Amino acid sequence: MHGERLDDVADPLILVSNRGPVTFQRVRQRGRVAGRGSGGLVTALSGLLDASPTIWVSAAISREDRLVAAESGEDGFQLEGFGHEARGRFVVVDDAAYHAYYNIIANPILWFIQHYLWDLSNAPDIRWEELEAWENGYQAVNRRFADEVIGLLEEHPHATVMFHDYHLYTAPAVVRAAHPWAFLHHFVHIPWSQPDYWRVLPPHIREAVLEGLLANDIVAFHTRGYARSFMLCCEDLLGAAVDYRRGLVRWNDREVWVRAYPISINAPAFEALAQEPPVAEEEALILRRRRRQMIVRVDRTDLAKNVLRGFKAFDRFLDLYPEYLEQVTFVAQLPPSRQDVDEYIEYIEKIRSLVSHINTKHGNTDWMPIDLRMEHNMPRALALYKHYDVMLVNSIFDGMNLVAKEAPLINERDGVLILSENTGAHEELGAFAITVNPFDVEDQARAIHAALTMSREERVARGAAIKQIVRANNVAKWLAAQRRDINAKRVADSRRAARQPREDN
């Protein structure tokens, strides 16, 4: 079984994630409508759905999702537009359990830990409410996902299961207990923090997270640094045997591979999207209002994106270089994020207040230094990508940050990328961006000036290099690298199993 190539296995690939490729809504006069799931995960994994028979397991989010789950039963439902052999399966979870799993544990606790966002002198408090949310929310929902996968493996015992992200850390252990020989792979799409930061969690919780991930055959991250941090946690917090050179953790008589696969984008498809008529319409509006130069950022209002320090850096830039007053505009498109989390609601108010202060301080009746749009508008985002002089990506920590790849790919003005050293993208693109420390506002202010005054020759060279990297290290390469390692791990496990009886004797 472990020696078979993934491409040759008759059983489907089983993808498992909190949010899936579609969600259903009831629309007046149109009936049930399937909308494409949000986020880069769906786009990235669509290549797998096209390449092999796939069952995608995800949570039922809407009321209509629940109805589809009840109507489709064990056969699931066809994923329209994702390949003729792609089917979906919804996991239906009690509302209270889902709230505890998603809004108390996954967001914010795990997200904050993995992005180093907690102000540890004040938060978090692990109280009865959090412990209850862990057991009857996060663990309960993970068991529901695991039960769904266990049922599918009984029907398709040779299938490869690919879990995704921080919502499902403990599900693999449940699946492993039921199917010891199943092949499980888990991709973590956000950073992995150092061992001491995981000590925020009580031992039984952090150990369950690590043991859940170590139930997989392969645990994957975007960067080598995150992979190393995970192995450090396994060694320091569990006492596991770790081989850093080989990227391997020995646990429960098994060898778990720890790998880095930097995710990217479908470059040709993204370049084609940038030429669509709605983008051209937005371009016309942007160019009509454009000053001599334009700084751009496109981010969710997530605390990890470091929006406030980016604006403070621009404020400082205008203080240092007043000759740029009325010559440059900072255009920020910031769709609100996680408005069911108190910290994020407060963050938006801080953003609005800071922008108002900067615009009042430096602006006049004809020019506002910061053009703030808190909305999701993909055509406008693409138009901004095409026409920035400076793209600011100053995340505190970021698993990858695809804006740093998308924007330079389609930019037409030889724009310069300013990139935080704490983004996953920096591992690939840092040599051709202006690197900044995300906490150093002075550094970012001077980086803006360096970018705006850089020679055209250097801007062209840097931009061309980034384009080449993004096109070469595309999402197909990301998927192919994982498939190769899945096949290699199957072979290695098969050989190890064949040697085991002789070793036991």
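Only a predicted model underlies this, so the values are computations on that prediction, with no experimental measurement involved. (Residues numbered from 1 in each chain as written. Predicted model: local features only at pLDDT ≥ 70, side-chain atom pairs only at ≥ 80, totals over all residues. Heavy atoms only, no water.)

Enquirer: Sorry if this is basic, but what is going on with the overall build of the protein chain here?
Expert: Helix and strand counts for the protein chain come out as 18 helices and 18 strands. Compactness check: the protein chain gives a C-alpha radius of gyration of 24 Å against a globular reference of 23 Å for 505 residues, within 12% of the reference. Along the three orthogonal principal directions, the C-alpha set of the protein chain runs to about 80 × 55 × 50 Å. Burial analysis of the protein chain (505 residues in total) assigns 58% to the buried set. A fraction of 76% describes how many contacts in the protein chain between residues 6 or more apart in sequence connect residues 24 or more apart. With the model as given, the accessible surface of the protein chain reaches about 21300 Å², and the carbon-plus-sulfur share is 49%. (Helix = DSSP H or I, 4+ residues; strand = E, 2+ residues; numbered from the N terminus. Rg over C-alpha atoms; globule rule 2.2 N^0.38 Å. Buried < 20%, exposed > 50% of the residue type's maximum accessible area, 1.4 Å probe, protein only. Contact = heavy atoms within 4.5 Å. Areas by Shrake-Rupley, 256 points an atom, 1.4 Å probe, with all protein chains shown as cover.)

Enquirer: What is the right way to read the sheet that holds strand β14 (residues 328-333) from this model?
Expert: For sheets, the rule is that strands pair by backbone hydrogen bonds, running either parallel or antiparallel. Across the sheet, six strands lie side by side as β15-β14-β13-β16-β17-β18; this open sheet has parallel pairing. The sheet is open, and its two borders are formed by β15 (370-373) and β18 (434-436), each paired with just one other strand. Across the sheet, the axes of successive neighbouring strands diverge by a mean angle of 20°, strand direction being ignored. Two elements, strand β17 (residues 416-420) and β18, share three bridges in a ladder whose sense is parallel. From the neighbouring strand, L419 faces β18, where its bridge partner is T435. Along the sheet face, helix α11 (residues 307-320) touches β13 (293-298), β14, β15 and β16 (390-393) and points at about 175° away from the line of β14. Docked against the sheet, helix α13 (residues 378-387) engages β13, β14, β15 and β16, running at close to 135° with respect to β13. (Pairing = 2+ DSSP bridges. Axes fitted to C-alpha atoms, helices over the stretch in contact; angles between N-to-C directions.)

Enquirer: Help me out: how do you make sense of the packing of α11 against helix α12 (residues 342-362) in this one?
Expert: For any two helices packed against each other, one specifies the crossing angle of their axes together with the interaxial distance. The geometry of α11 relative to α12 is characterised by a closest axis approach of 10 Å and an angle of 10° between their N-to-C directions. Classified by the interaxial angle, the pair formed by α11 and α12 is roughly parallel. In this structure, α11 contributes V307, L308, F311, K312, D315, L318 and D319 to the contact, and α12 contributes Y347, K350, I351, L354, V355, I358, K361 and H362. Of the residues belonging to the contact of α11 with α12, the class tally is nine nonpolar, one polar and five charged. (Parallel < 35°, antiparallel > 145°, perpendicular 65-115°, else oblique. Nonpolar A, V, L, I, M, F, W, Y, C, P; charged D, E, K, R; others polar.)

Enquirer: Hey, could you run me through the layout of surface pockets in this one?
Expert: The gaps of empty space that remain are located by a probe, the size of a water molecule, rolled over the atoms. Empty space within the second largest pocket amounts to approximately 440 Å³. Around the second largest pocket sit 19 residues that line it, and L117, L303, Y347, K350 and I396 are the ones nearest its centre. Looking at the lining of the second largest pocket, the elements that each hand over two or more residues are α11 and α12. When the residues that make up the lining of the second largest pocket are grouped by side-chain class, the tally is eleven nonpolar, two polar and six charged. (1 Å grid on protein atoms, 1.4 Å probe; cavity = no way out; pocket = protein on both sides within 12 Å on 5 of 7 lines; lining within 4 Å. Points joined across faces, edges and corners; volume = space filled by probe spheres on them.)

Enquirer: Just to check I follow, could you spell out the pairing of strand β11 (residues 248-251) for this structure?
Expert: Pairing analysis gives three bridges linking strand β10 (residues 241-243) to β11, with the strands arranged antiparallel. By the bridge assignment, V242 is partnered in β11 with V249. The hairpin turn running from β10 into β11, its antiparallel successor, is four residues long, and G247 in that turn takes a positive phi close to 65°. Across four bridges, the pairing between β11 and strand β12 (residues 254-260) is antiparallel. Directly across from W251, in β12, lies its bridge partner R254. Here β11 folds back onto β12 in antiparallel fashion, the turn holding two residues, of which N252 has a positive phi close to 55°.

Enquirer: How should unusual backbone geometry be read in this particular structure?
Expert: Note: most residues except glycine have negative phi, and most peptide bonds are trans. Between N107 and the following residue, P108, the backbone shows a cis peptide bond with an omega angle of 20°. Of note, the bond from A123 into P124 is cis; its omega dihedral lies within 30 degrees of zero at 5°.

Enquirer: Would you mind going over the pairing of strand β2 (residues 22-27) with me for this structure?
Expert: Residues in a regular strand point their side chains to alternate faces of the sheet. Examined bridge by bridge, β2 and strand β3 (residues 31-36) share six bridges and lie antiparallel to one another. Paired with V22 across the two strands is R36, which belongs to β3.

Enquirer: Help me out: how do you make sense of empty space enclosed by the protein in this one?
Expert: All told, the structure shown has two cavities of 30 Å³ or more when counted by the stated rule. Put simply, the largest cavity is a space of about 40 Å³. Lining the largest cavity are I105, I109, I126, E130, W134, L201 and I205. Where the lining of the largest cavity is concerned, the elements lending two or more residues are α3 (95-114) and α4 (128-155). When grouped by side-chain class, the residues that make up the lining of the largest cavity number six nonpolar, no polar and one charged.

Enquirer: Can you walk me through the pattern of salt bridges in this structure?
Expert: Opposite charge on two side chains permits them to pair, given that their charged atoms come into close proximity. The final tally for this structure, using the stated rule, is 34 salt bridges. E135 serves as the salt-bridge partner of R143, at 3.6 Å between the closest nitrogen and oxygen. The residue D315 makes a salt bridge to K361 at a minimum N-O spacing of 3.1 Å. Residue D315 is found in helix α11, and its partner K361 is found in helix α12; the two are separated by 46 residues along the sequence. (Salt bridge = Lys/Arg side-chain N within 4 Å of Asp/Glu carboxyl O.)

Enquirer: Quick question: what am I supposed to make of the packing of aromatic side chains here?
Expert: Both the distance between ring centres and the angle between the ring planes are used here to describe each pair of aromatic rings. As enumerated under the stated definition, the model contains 26 aromatic pairs in all. Where F314 meets F317, the ring centres are 6.1 Å apart and the plane angle is 20°; that geometry is what we call stacked. Separated by three residues within a single helix, F314 and F317 lie in helix α11, roughly one turn from each other. Members of the aromatic cluster, connected to one another through ring pairs, are F311, F314, F317, Y321, Y324 and F330. (Phe/Tyr/Trp six-rings, centres within 6.5 Å; stacked < 30°, edge-to-face > 60°.)

Enquirer: How should I be thinking about the side chain of Q139 in this particular structure?
Expert: Positionally, Q139 belongs in helix α4. Owing to a relative accessible area of 14%, Q139 belongs among the buried residues under this scheme. Contacts of Q139, omitting those with residues within four sequence positions, involve W134, T170 and A208.

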